[in-house]
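Chain and residue survey
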Amino acid sequence: MGQDLFISLLNPVLSMVLSAAFFVLWSFRRENRYVLQLCICYFAVAVGFALQAFDLGLGQTISKVMSNSLFFGALLLLIAAVTTRQGVRVPWVASLACVAAGMGGLLWFLLVHPYFPGRVFSVNYGLGALCIVAMMRLRQSSRRSVIDRMIVLMAGLRAADFFVRPLLVALLSGADAGRPPYITSPYWLTTSLSVMVFSLLIALTLLTAVALDTIKELQAESETDSLSKLLNRRGFEQRATTILERSARSGEPVTLVLADLDHFKSVNDRFGHAIGDQVIVDFAARLQAAGGRAVIGRIGGEEFAALMPSTDLVAGRLFAEAVRNGFCSGTIEGIPPGVKLTASFGVAGRFGGEELAPLMQRADDALYKAKQNGRDSVRLSFQRQPMATFAELPAAS
């Protein structure tokens, strides 16, 4: 393989490999559309470099316009992908202004006043300005992990490369910067090397970010109930244990509320499981709306738990009563107006360094008492001892 062919194939092949890597990641979790954008971005770079390096029968002028259009389009896709991942708005107006300026300069120095250095600086400075726009927008993100900071750093370094590299090549090489043959000119060699290095650095950073995102998403799914969108039992117990450990050090009160939907089986039998699912979703939403900082989970079919940090027994009781009143007085589509839905609650405040299991047992005992004594009520557990006493709170009329 000749030197010219090797240089010509270097970036197209590398970009295609990176595009394929992002495609595989996107195929695994297709809801992450930004990963597909990264795949298309690197594919566009590969095609752009192929148009620059090989005579595809389009003519030099058309090839240069198309290849640089692909470079600008690829960077736009990259900016859209990383800003979407970071949870900030894509800076379309500023980005398109940079594209217009860069492509406008290219067309002027290609068609109106042919001048190689003018084309070089127009394209590179347009791309560099795009990187600065991306960096400034990414700095507005609330995400501050190491990988998030690395992405911002990559944007800044790429911007510096676009601004400094063509200037250094022009100063050091002078008129020879763009000398024929174009593929082995100083400008093209430095461009190829720069793109190769930054393509790998940026791609490795983004591949790491996508992998970490996927791990977090899978972990969240393993801890989340798919119907109610609350924590499942495993997720609730893990979060609750963390809160109890923290409160043990700070000495802050913690209250646990257990809730169970009354006669839920009859709801499924009379109105169908689809309506039963709506009841679950409605009750979960009421818990979340009233819970504030509480850790809330669906720990059984129709059983829910809310662990409330910095909350005493009185505040826990008020929370339970608010949810109970709202649920029994509310309406759910598919449930006839004359049918009243109710729930029972058990509330237990933590004593000293009490662990989660005994705390849940006391709250469950209180819930059982509420079920035994007519349902649609809130019961409190006052003592840690096995012979705990319970106080029944009458249902609001």
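Residues numbered from 1 in each chain as written. Predicted model: local features only at pLDDT ≥ 70, side-chain atom pairs only at ≥ 80, totals over all residues. Heavy atoms only, no water.

Some details on the side chain of S15
This is how the line gets drawn: Each helix corresponds to a stretch of at least 4 residues labelled H or I by DSSP, and each strand to a stretch of at least 2 residues labelled E; elements are numbered beginning at the N terminus. Every residue pair with non-hydrogen atoms within 4.5 Å of one another is taken to be in contact.
When you line up the elements, S15 lands in helix 1 (residues 3-28). In this structure, S15 is in contact with Y42, V45 and A46, ignoring residues within four places of it in sequence.

Remarks on the pattern of salt bridges
The line we're drawing: In the sections that follow, a salt bridge refers to a side-chain nitrogen of Lys or Arg positioned within 4 Å of a carboxyl oxygen of Asp or Glu. Classification of residues uses two cut-offs on accessible area relative to the type maximum, computed with a 1.4 Å probe and protein chains only: under 20% is buried, over 50% is exposed, and between them is partly exposed.
Tallying each qualifying case throughout the model produces 20 salt bridges. With a closest N to O distance of 3.2 Å, D225 and R298 form a salt bridge. Here the residue D225 occupies a position in the loop between helix 7 (186-222) and helix 8 (233-250), and R298 occupies one in strand 2 (residues 295-298), the gap between them amounting to 73 residues. What makes R298 buried here is its relative accessible area of 16%. The closest approach of N and O atoms between K371 and D262, which form a salt bridge, is 2.7 Å. In this pair, K371 is assigned in helix 12 (residues 356-372) and D262 in the loop between strand 1 (254-261) and helix 9 (264-271), connecting sequence segments 109 residues apart. According to the relative accessible area criterion, K371 is buried, its value standing at 17%.

Quick notes on unusual backbone geometry
Phi at H263 takes a positive value of approximately 50 degrees, unusual for a residue other than glycine. Tracing the sequence through the fold places H263 in the loop between strand 1 and helix 9. One non-glycine residue, R375, adopts positive backbone phi at about 65 degrees. With respect to the helices and strands, the residue R375 is situated in the loop between helix 12 and strand 5 (378-381). Note on R375: relative accessible area 32%, which makes it partly exposed.

Here we look at the UniProt feature "transmembrane region" (unreviewed entry) in the protein chain
Threshold: UniProt positions are given in the numbering used here, feature names are shortened, and annotations may be inferred rather than shown by experiment.
Under the UniProt annotation, the feature "transmembrane region" (unreviewed entry) is placed at residues 6-28, 35-54, 66-83, 90-110, 116-138, 150-175 and 187-212. Counting secondary structure, residues 66-83 comes out at 100% helix and 0% strand; the distance between its end C-alpha atoms is 26 Å. Split by type, residues 90-110 is 90% helix and 0% strand. Its first and last C-alpha atoms lie 31 Å apart.

Regarding the pairing of strand 5
Within a regular strand, side chains alternate between the sheet's two faces. As a reminder, the rule being used: Pairing between strands requires that DSSP locate at least two bridges from one strand to the other. A right-handed crossover is one whose linking path, passing over the helix from the first strand to the second, runs clockwise when the strands point away from the viewer.
Residues V378 and L380 of strand 5 are buried on one face, and the alternating residues R379 and S381, pointing to the opposite face, are buried as well. As paired strands, strand 4 (residues 343-349) and strand 5 are joined by four bridges and run parallel to one another. Following the sheet pairing, A348 is matched in strand 5 by S381. Chirality of the crossover, the property in question, places the unit of strand 4, helix 12 and strand 5 among those that are left-handed.

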